[in-house]
Amino acid sequence: MRIPDLLARGTTYSFEFGPPRDEETEVRFWRVIDRLSRLNPSFVSVTYGAAGSTREGTRAVVRRLKDEVGWTTMPHLSCIAHSRDDIVGIMKDYQALGFENLLALRGDPPRDQPEIEPGDFRLAIEIVELAREHTNFAVGVAMHPEGHPHAASAADDRAHQAAKLRVADFGITQAVFDVSHYVGLVNDMARLGVETPIIAGVLPVMNLNQVRRMVELSGGVFPQSLATDLEAAGEDRAAARAIGVGFATRLARELIEAGAPGLHFYTLNLSQATRELFSNLGLDGT
Ligand SMILES: Cc1cc2nc3c(=O)[nH]c(=O)nc-3n(C[C@H](O)[C@H](O)[C@H](O)COP(=O)(O)OP(=O)(O)OC[C@H]3O[C@@H](n4cnc5c(N)ncnc54)[C@H](O)[C@@H]3O)c2cc1C
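Since this is a predicted model, take the numbers as computed values, not measurements.

Q: Describe the packing of helix H4 (residues 84-96) against helix H5 (residues 124-134), naming the residues involved and giving the relevant values.
A: Between H4 and H5, the least distance of the axes is 10 Å, while the angle of their chain directions is 55 degrees. Put simply, H4 runs oblique to H5. Like other packed secondary-structure pairs, H4 and H5 cross with a definite hand, here right-handed. Between H4, through Ile 87, Val 88, Met 91 and Lys 92, and H5, the contact on the second element is made entirely by Ile 127, Leu 130, Ala 131 and His 134. Taken together, the residues that form the contact of H4 with H5 break down as six nonpolar, one polar and one charged.

Q: Would you mind going over the site of the ligand in detail, with residue names and values included?
A: Around the ligand sit 27 residues in total, of which Thr 47, His 76, Ala 124, Ala 142 and Ala 151 are the nearest. Broken down by secondary-structure element, the contributors of at least two residues to the shell around the ligand are strand E3 (73-78), strand E4 (101-105), helix H6 (154-167) and strand E6 (170-175). At four residues, H6 tops the list of elements feeding residues into the shell around the ligand. Along the lines of polarity and charge, the residues of the shell around the ligand split into ten nonpolar, 13 polar and four charged.

Q: Can you lay out unusual backbone geometry for me, pointing to particular residues and giving the numbers?
A: Its identity as a non-glycine residue notwithstanding, Asn 40 has a phi of 60 degrees, on the positive side. With respect to the secondary-structure elements, Asn 40 resides in the loop between helix H2 (23-36) and strand E2 (43-46). Overall, Asn 40 belongs to the partly exposed group, with 13 C-beta atoms counted inside 10 Å. Positive phi, close to 50 degrees, is recorded for Leu 268, a residue that is not glycine. Tracing the backbone shows Leu 268 in the loop between strand E8 (262-266) and helix H11 (272-280).

Q: An account of the nonpolar core is needed here, citing residue identities and associated values.
A: Among soluble globular proteins, nonpolar side chains are generally buried collectively. Counting 81 residues, the largest nonpolar core has Leu 102, Ala 104, Ile 127 and Val 202 as its most contacted members. Of all the elements, helix H10 (residues 237-257) adds the most residues to this core, at eight residues. Non-local contacts of Val 202, meaning those with residues more than four positions away in its chain, are made with Ala 175, Val 176, Ala 248, Leu 251, Ala 252, Leu 263, His 264, Phe 265 and Tyr 266.

Q: Now, about the environment of Leu 208: what can you tell me, with residues and values included?
A: Tracing the sequence through the fold places Leu 208 in helix H8 (residues 208-217). Residue classification places Leu 208 among the partly exposed residues on the basis of 19 C-beta atoms within 10 Å. The spacing of Leu 208 and Phe 222 is 14 residues in sequence and 9.5 Å in space, taken between C-alpha atoms. Here Leu 208 is in contact with Ala 227, Leu 230 and Glu 231, once residues within four sequence places are set aside.

Q: Hey, could you go over the pairing of strand E5 (residues 138-143) for me, with residue numbers and the actual values?
A: Each regular strand shows side chains that alternate between the opposite faces of the sheet. Across the six residues of E5, six count as buried, placing the element largely inside the fold. Burial along E5 is two-sided: Ala 138, Gly 140 and Ala 142 and Val 139, Val 141 and Met 143, pointing in opposite directions, are all buried. Two elements, E4 and E5, share four bridges in a ladder whose sense is parallel. Bridge assignment links Leu 102 to a residue of E5, and that residue is Val 139. Traced from E4 through H5 to E5, the parallel crossover comes out right-handed. For E5 and E6, the ladder comprises four bridges, and the chain directions are parallel.

Criteria and thresholds
- Residues numbered from 1 in each chain as written.
- Predicted model: local features only at pLDDT ≥ 70, side-chain atom pairs only at ≥ 80, totals over all residues.
- Axes fitted to C-alpha atoms, helices over the stretch in contact; angles between N-to-C directions.
- Helix = DSSP H or I, 4+ residues; strand = E, 2+ residues; numbered from the N terminus.
- Parallel < 35°, antiparallel > 145°, perpendicular 65-115°, else oblique.
- Left-handed = near helix turned anticlockwise from the far one by under 90°.
- Contact = placed C-beta atoms within 7 Å.
- Nonpolar A, V, L, I, M, F, W, Y, C, P; charged D, E, K, R; others polar.
- Near = placed C-beta within 6 Å.
- Buried ≥ 20, exposed ≤ 12 C-beta atoms within 10 Å, placed from the backbone.
- Core = buried A, V, L, I, M, F, W, Y, C linked by C-beta atoms within 7 Å.
- Pairing = 2+ DSSP bridges.
- Right-handed = clockwise from strand over helix to strand, strands pointing away.

Spatial relationships are all this shows, so hold off on functional conclusions.
As C-alpha coordinates, this is what we get:
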(Lines give C-alpha, C1' and ligand atoms only; values in the text may rest on other atoms or scores of the structure.)
Protein backbone atom coordinates (compact mmCIF):
# COMPACT_ATOMS: atom_id res chain seq x y z
CA MET A 1 0.00 0.00 0.00
CA ARG A 2 1.06 3.56 -0.61
CA ILE A 3 1.59 5.47 2.63
CA PRO A 4 -0.57 8.46 1.51
CA ASP A 5 -3.46 5.97 1.10
CA LEU A 6 -2.83 4.58 4.57
CA LEU A 7 -2.78 8.13 5.99
CA ALA A 8 -6.07 8.89 4.23
CA ARG A 9 -7.70 5.99 6.13
CA GLY A 10 -6.67 7.22 9.59
CA THR A 11 -3.77 7.49 12.02
CA THR A 12 -0.79 5.33 11.02
CA TYR A 13 1.49 3.51 13.49
CA SER A 14 4.80 2.48 11.96
CA PHE A 15 8.09 0.93 13.07
CA GLU A 16 11.62 1.77 12.01
CA PHE A 17 14.42 -0.81 12.03
CA GLY A 18 18.09 -0.88 11.14
CA PRO A 19 19.42 -3.84 9.11
CA PRO A 20 21.43 -6.30 11.25
CA ARG A 21 25.21 -5.88 11.06
CA ASP A 22 26.36 -9.51 11.34
CA GLU A 23 25.19 -13.08 11.83
CA GLU A 24 24.69 -12.71 15.56
CA THR A 25 22.58 -9.53 15.33
CA GLU A 26 20.72 -11.09 12.40
CA VAL A 27 19.41 -13.93 14.57
CA ARG A 28 18.35 -11.43 17.23
CA PHE A 29 16.76 -9.16 14.60
CA TRP A 30 14.43 -11.82 13.21
CA ARG A 31 13.47 -12.86 16.76
CA VAL A 32 12.46 -9.23 17.39
CA ILE A 33 10.46 -9.16 14.16
CA ASP A 34 8.73 -12.37 15.16
CA ARG A 35 7.72 -10.82 18.50
CA LEU A 36 6.43 -7.67 16.80
CA SER A 37 4.69 -9.45 13.93
CA ARG A 38 1.30 -9.75 15.63
CA LEU A 39 1.11 -5.99 16.33
CA ASN A 40 0.07 -5.22 12.79
CA PRO A 41 1.83 -1.89 12.16
CA SER A 42 0.51 0.29 9.31
CA PHE A 43 3.95 0.11 7.69
CA VAL A 44 7.59 -0.41 8.61
CA SER A 45 10.78 1.19 7.33
CA VAL A 46 14.42 0.12 7.21
CA THR A 47 17.40 2.47 7.39
CA TYR A 48 20.20 2.74 4.85
CA GLY A 49 23.72 2.94 6.29
CA ALA A 50 26.01 5.90 5.70
CA ALA A 51 27.49 5.98 2.18
CA GLY A 52 25.76 2.74 1.16
CA SER A 53 27.36 0.65 3.93
CA THR A 54 24.14 -1.40 4.30
CA ARG A 55 23.11 -1.37 0.65
CA GLU A 56 22.75 -5.17 0.40
CA GLY A 57 21.64 -5.56 4.02
CA THR A 58 18.80 -3.05 3.66
CA ARG A 59 17.69 -4.68 0.40
CA ALA A 60 17.67 -8.18 1.93
CA VAL A 61 15.73 -7.09 5.02
CA VAL A 62 13.07 -5.04 3.22
CA ARG A 63 12.41 -7.93 0.81
CA ARG A 64 11.88 -10.38 3.64
CA LEU A 65 9.70 -8.00 5.65
CA LYS A 66 7.51 -7.38 2.61
CA ASP A 67 7.38 -10.87 1.13
CA GLU A 68 7.60 -13.15 4.19
CA VAL A 69 6.25 -11.09 7.10
CA GLY A 70 3.73 -9.36 4.82
CA TRP A 71 4.19 -5.80 6.11
CA THR A 72 3.99 -2.70 3.93
CA THR A 73 7.70 -1.93 3.92
CA MET A 74 9.56 1.23 2.93
CA PRO A 75 13.30 1.26 2.25
CA HIS A 76 15.27 4.37 3.19
CA LEU A 77 17.73 5.64 0.58
CA SER A 78 20.41 8.24 1.30
CA CYS A 79 22.38 9.79 -1.52
CA ILE A 80 25.67 10.76 0.08
CA ALA A 81 28.71 9.24 -1.72
CA HIS A 82 26.52 7.82 -4.50
CA SER A 83 26.50 8.57 -8.21
CA ARG A 84 23.32 9.41 -10.07
CA ASP A 85 23.44 6.01 -11.81
CA ASP A 86 23.73 4.24 -8.44
CA ILE A 87 20.69 5.98 -7.03
CA VAL A 88 18.55 5.47 -10.15
CA GLY A 89 19.62 1.81 -10.25
CA ILE A 90 18.67 1.24 -6.59
CA MET A 91 15.31 2.96 -7.07
CA LYS A 92 14.46 0.95 -10.18
CA ASP A 93 15.46 -2.28 -8.46
CA TYR A 94 13.12 -1.51 -5.54
CA GLN A 95 10.33 -0.65 -7.93
CA ALA A 96 10.80 -3.92 -9.84
CA LEU A 97 10.65 -5.78 -6.52
CA GLY A 98 7.20 -4.28 -5.89
CA PHE A 99 7.94 -1.58 -3.30
CA GLU A 100 5.60 1.41 -3.45
CA ASN A 101 7.18 3.81 -0.95
CA LEU A 102 10.64 5.30 -0.52
CA LEU A 103 12.17 7.56 2.15
CA ALA A 104 14.49 9.97 0.31
CA LEU A 105 17.42 11.23 2.38
CA ARG A 106 20.68 13.05 2.11
CA GLY A 107 22.39 11.00 4.83
CA ASP A 108 25.55 11.87 6.72
CA PRO A 109 29.18 10.92 6.00
CA PRO A 110 30.30 7.82 7.92
CA ARG A 111 31.79 8.73 11.33
CA ASP A 112 35.19 7.29 10.36
CA GLN A 113 35.22 9.02 6.92
CA PRO A 114 34.02 12.59 7.52
CA GLU A 115 35.79 13.83 4.36
CA ILE A 116 34.26 11.23 2.02
CA GLU A 117 33.54 12.43 -1.56
CA PRO A 118 29.90 13.55 -1.41
CA GLY A 119 28.88 12.01 -4.78
CA ASP A 120 26.52 13.51 -7.36
CA PHE A 121 23.95 14.92 -4.93
CA ARG A 122 23.94 17.44 -2.10
CA LEU A 123 20.38 17.36 -0.83
CA ALA A 124 17.45 15.05 -0.24
CA ILE A 125 15.17 17.18 -2.43
CA GLU A 126 17.24 16.08 -5.45
CA ILE A 127 16.43 12.45 -4.63
CA VAL A 128 12.73 13.25 -4.39
CA GLU A 129 12.91 14.84 -7.84
CA LEU A 130 14.82 11.86 -9.23
CA ALA A 131 12.24 9.44 -7.82
CA ARG A 132 9.49 11.47 -9.54
CA GLU A 133 11.37 11.25 -12.84
CA HIS A 134 12.14 7.51 -12.77
CA THR A 135 9.54 5.81 -10.53
CA ASN A 136 6.03 6.14 -9.22
CA PHE A 137 6.92 5.72 -5.53
CA ALA A 138 5.12 7.59 -2.82
CA VAL A 139 8.09 9.55 -1.49
CA GLY A 140 8.70 10.53 2.12
CA VAL A 141 11.32 12.91 3.52
CA ALA A 142 13.01 13.45 6.89
CA MET A 143 11.82 16.41 8.94
CA HIS A 144 13.71 18.15 11.73
CA PRO A 145 11.35 19.92 14.17
CA GLU A 146 14.18 21.62 16.07
CA GLY A 147 16.05 22.54 12.90
CA HIS A 148 18.94 20.75 11.22
CA PRO A 149 22.40 21.39 12.74
CA HIS A 150 23.90 22.19 9.31
CA ALA A 151 21.42 24.97 8.55
CA ALA A 152 22.72 28.52 8.09
CA SER A 153 19.84 29.96 10.18
CA ALA A 154 16.50 28.87 11.62
CA ALA A 155 14.61 30.73 8.86
CA ASP A 156 16.79 29.16 6.17
CA ASP A 157 16.20 25.74 7.67
CA ARG A 158 12.42 26.14 7.69
CA ALA A 159 12.48 27.41 4.07
CA HIS A 160 14.50 24.36 2.96
CA GLN A 161 12.35 21.94 4.88
CA ALA A 162 9.24 23.51 3.32
CA ALA A 163 10.70 23.27 -0.20
CA LYS A 164 11.48 19.58 0.32
CA LEU A 165 8.17 18.72 1.95
CA ARG A 166 6.26 20.52 -0.83
CA VAL A 167 7.54 18.07 -3.46
CA ALA A 168 7.17 14.98 -1.21
CA ASP A 169 4.10 12.91 -0.29
CA PHE A 170 4.73 12.86 3.46
CA GLY A 171 7.37 13.71 6.05
CA ILE A 172 8.61 11.76 9.06
CA THR A 173 10.28 13.65 11.90
CA GLN A 174 13.32 12.66 13.85
CA ALA A 175 12.50 11.67 17.46
CA VAL A 176 10.30 14.30 19.11
CA PHE A 177 10.59 14.83 22.88
CA ASP A 178 8.32 17.86 23.26
CA VAL A 179 4.98 18.14 21.52
CA SER A 180 5.45 21.90 21.09
CA HIS A 181 8.44 21.26 18.76
CA TYR A 182 6.25 19.12 16.50
CA VAL A 183 3.41 21.65 16.54
CA GLY A 184 5.89 24.47 15.80
CA LEU A 185 7.16 22.64 12.73
CA VAL A 186 3.66 21.88 11.41
CA ASN A 187 2.56 25.50 11.94
CA ASP A 188 5.67 26.89 10.26
CA MET A 189 5.16 24.59 7.26
CA ALA A 190 1.51 25.73 7.02
CA ARG A 191 2.62 29.39 7.17
CA LEU A 192 4.93 28.61 4.24
CA GLY A 193 1.97 27.10 2.37
CA VAL A 194 2.84 23.41 2.85
CA GLU A 195 0.16 21.08 4.26
CA THR A 196 1.79 17.72 3.36
CA PRO A 197 1.23 15.28 6.27
CA ILE A 198 4.05 15.04 8.81
CA ILE A 199 4.27 11.79 10.77
CA ALA A 200 5.82 12.25 14.24
CA GLY A 201 8.83 10.17 15.32
CA VAL A 202 8.65 8.60 18.81
CA LEU A 203 11.61 6.99 20.56
CA PRO A 204 11.18 5.12 23.85
CA VAL A 205 14.51 5.92 25.50
CA MET A 206 15.93 3.26 27.80
CA ASN A 207 19.64 3.84 27.51
CA LEU A 208 20.56 7.43 28.17
CA ASN A 209 24.14 7.30 26.88
CA GLN A 210 23.17 5.59 23.63
CA VAL A 211 20.44 8.05 22.80
CA ARG A 212 21.52 11.41 24.19
CA ARG A 213 24.45 11.66 21.75
CA MET A 214 22.25 10.56 18.85
CA VAL A 215 19.68 13.26 19.68
CA GLU A 216 22.29 15.97 20.11
CA LEU A 217 24.04 15.08 16.84
CA SER A 218 20.74 15.48 15.00
CA GLY A 219 20.27 18.98 16.46
CA GLY A 220 17.63 18.01 19.01
CA VAL A 221 17.54 18.76 22.73
CA PHE A 222 17.28 15.83 25.10
CA PRO A 223 14.76 16.61 27.90
CA GLN A 224 16.48 17.13 31.26
CA SER A 225 13.63 15.59 33.29
CA LEU A 226 13.87 12.34 31.31
CA ALA A 227 17.66 12.33 31.66
CA THR A 228 17.38 12.80 35.45
CA ASP A 229 14.84 9.98 35.81
CA LEU A 230 16.93 7.60 33.68
CA GLU A 231 20.09 8.46 35.63
CA ALA A 232 18.25 7.61 38.86
CA ALA A 233 17.30 4.20 37.41
CA GLY A 234 21.02 3.44 36.96
CA GLU A 235 21.64 -0.17 35.93
CA ASP A 236 18.06 -1.30 36.65
CA ARG A 237 16.96 -2.03 33.08
CA ALA A 238 13.33 -2.78 33.91
CA ALA A 239 13.04 0.55 35.75
CA ALA A 240 14.70 2.39 32.85
CA ARG A 241 12.32 0.78 30.37
CA ALA A 242 9.29 1.75 32.48
CA ILE A 243 10.53 5.37 32.53
CA GLY A 244 11.25 5.47 28.79
CA VAL A 245 8.00 3.79 27.79
CA GLY A 246 5.99 5.97 30.23
CA PHE A 247 7.47 9.15 28.72
CA ALA A 248 6.92 7.93 25.15
CA THR A 249 3.32 6.92 25.92
CA ARG A 250 2.44 10.37 27.29
CA LEU A 251 4.14 12.03 24.32
CA ALA A 252 2.41 9.76 21.79
CA ARG A 253 -0.99 10.70 23.24
CA GLU A 254 -0.11 14.41 23.14
CA LEU A 255 1.06 14.13 19.53
CA ILE A 256 -2.16 12.44 18.43
CA GLU A 257 -4.20 15.08 20.30
CA ALA A 258 -2.16 17.78 18.56
CA GLY A 259 -3.20 16.33 15.20
CA ALA A 260 -0.25 14.13 14.16
CA PRO A 261 -1.52 11.96 11.26
CA GLY A 262 0.75 9.09 12.32
CA LEU A 263 3.39 7.96 14.80
CA HIS A 264 6.67 6.40 13.68
CA PHE A 265 8.31 4.34 16.43
CA TYR A 266 12.10 4.18 16.46
CA THR A 267 12.41 0.58 17.69
CA LEU A 268 16.24 0.46 17.84
CA ASN A 269 15.64 -3.19 16.87
CA LEU A 270 14.15 -3.95 20.30
CA SER A 271 10.72 -5.43 20.77
CA GLN A 272 9.64 -5.12 24.38
CA ALA A 273 9.40 -1.33 24.68
CA THR A 274 7.51 -1.11 21.39
CA ARG A 275 5.09 -3.83 22.51
CA GLU A 276 4.48 -2.06 25.82
CA LEU A 277 3.98 1.25 24.04
CA PHE A 278 1.45 -0.32 21.67
CA SER A 279 -0.36 -1.91 24.57
CA ASN A 280 -0.47 1.39 26.55
CA LEU A 281 -1.98 3.10 23.50
CA GLY A 282 -4.60 0.34 23.17
CA LEU A 283 -3.22 -0.72 19.79
CA ASP A 284 -2.29 -4.34 20.40
CA GLY A 285 -5.83 -5.67 20.05
CA THR A 286 -5.71 -7.34 23.49
C1 LIG B 1 12.81 9.71 9.64
C2 LIG B 1 14.31 9.79 9.41
C3 LIG B 1 14.96 8.70 8.85
C4 LIG B 1 16.34 8.74 8.60
N5 LIG B 1 16.94 7.65 8.04
C6 LIG B 1 18.26 7.68 7.73
C7 LIG B 1 18.88 6.58 7.06
O8 LIG B 1 18.25 5.57 6.80
N9 LIG B 1 20.19 6.69 6.75
C10 LIG B 1 20.92 7.82 7.05
O11 LIG B 1 22.12 7.86 6.74
N12 LIG B 1 20.36 8.87 7.68
C13 LIG B 1 19.04 8.84 8.03
N14 LIG B 1 18.46 9.93 8.63
C15 LIG B 1 19.30 11.08 9.03
C16 LIG B 1 19.50 12.10 7.89
O17 LIG B 1 20.16 11.50 6.80
C18 LIG B 1 20.33 13.25 8.46
O19 LIG B 1 19.56 14.00 9.38
C20 LIG B 1 20.98 14.16 7.43
O21 LIG B 1 21.92 15.02 8.10
C22 LIG B 1 20.00 15.09 6.72
O23 LIG B 1 19.27 14.40 5.84
P24 LIG B 1 18.01 15.09 5.11
O25 LIG B 1 17.48 14.06 4.20
O26 LIG B 1 17.09 15.68 6.10
O27 LIG B 1 18.77 16.25 4.31
P28 LIG B 1 18.32 17.57 3.56
O29 LIG B 1 16.89 17.84 3.71
O30 LIG B 1 18.86 17.52 2.19
O31 LIG B 1 19.13 18.67 4.34
C32 LIG B 1 19.16 18.76 5.74
C33 LIG B 1 19.23 20.22 6.16
O34 LIG B 1 20.24 20.91 5.45
C35 LIG B 1 19.81 22.25 5.28
N36 LIG B 1 19.64 22.56 3.86
C37 LIG B 1 18.87 21.89 2.97
N38 LIG B 1 18.90 22.48 1.76
C39 LIG B 1 19.77 23.52 1.87
C40 LIG B 1 20.25 24.50 0.96
N41 LIG B 1 19.86 24.54 -0.33
N42 LIG B 1 21.11 25.40 1.45
C43 LIG B 1 21.52 25.37 2.73
N44 LIG B 1 21.10 24.47 3.62
C45 LIG B 1 20.23 23.56 3.22
C46 LIG B 1 18.49 22.40 5.94
O47 LIG B 1 18.65 22.87 7.24
C48 LIG B 1 17.94 21.01 5.92
O49 LIG B 1 16.97 20.75 6.91
C50 LIG B 1 17.09 9.91 8.93
C51 LIG B 1 16.44 11.00 9.51
C52 LIG B 1 15.07 10.95 9.76
C53 LIG B 1 14.38 12.13 10.40
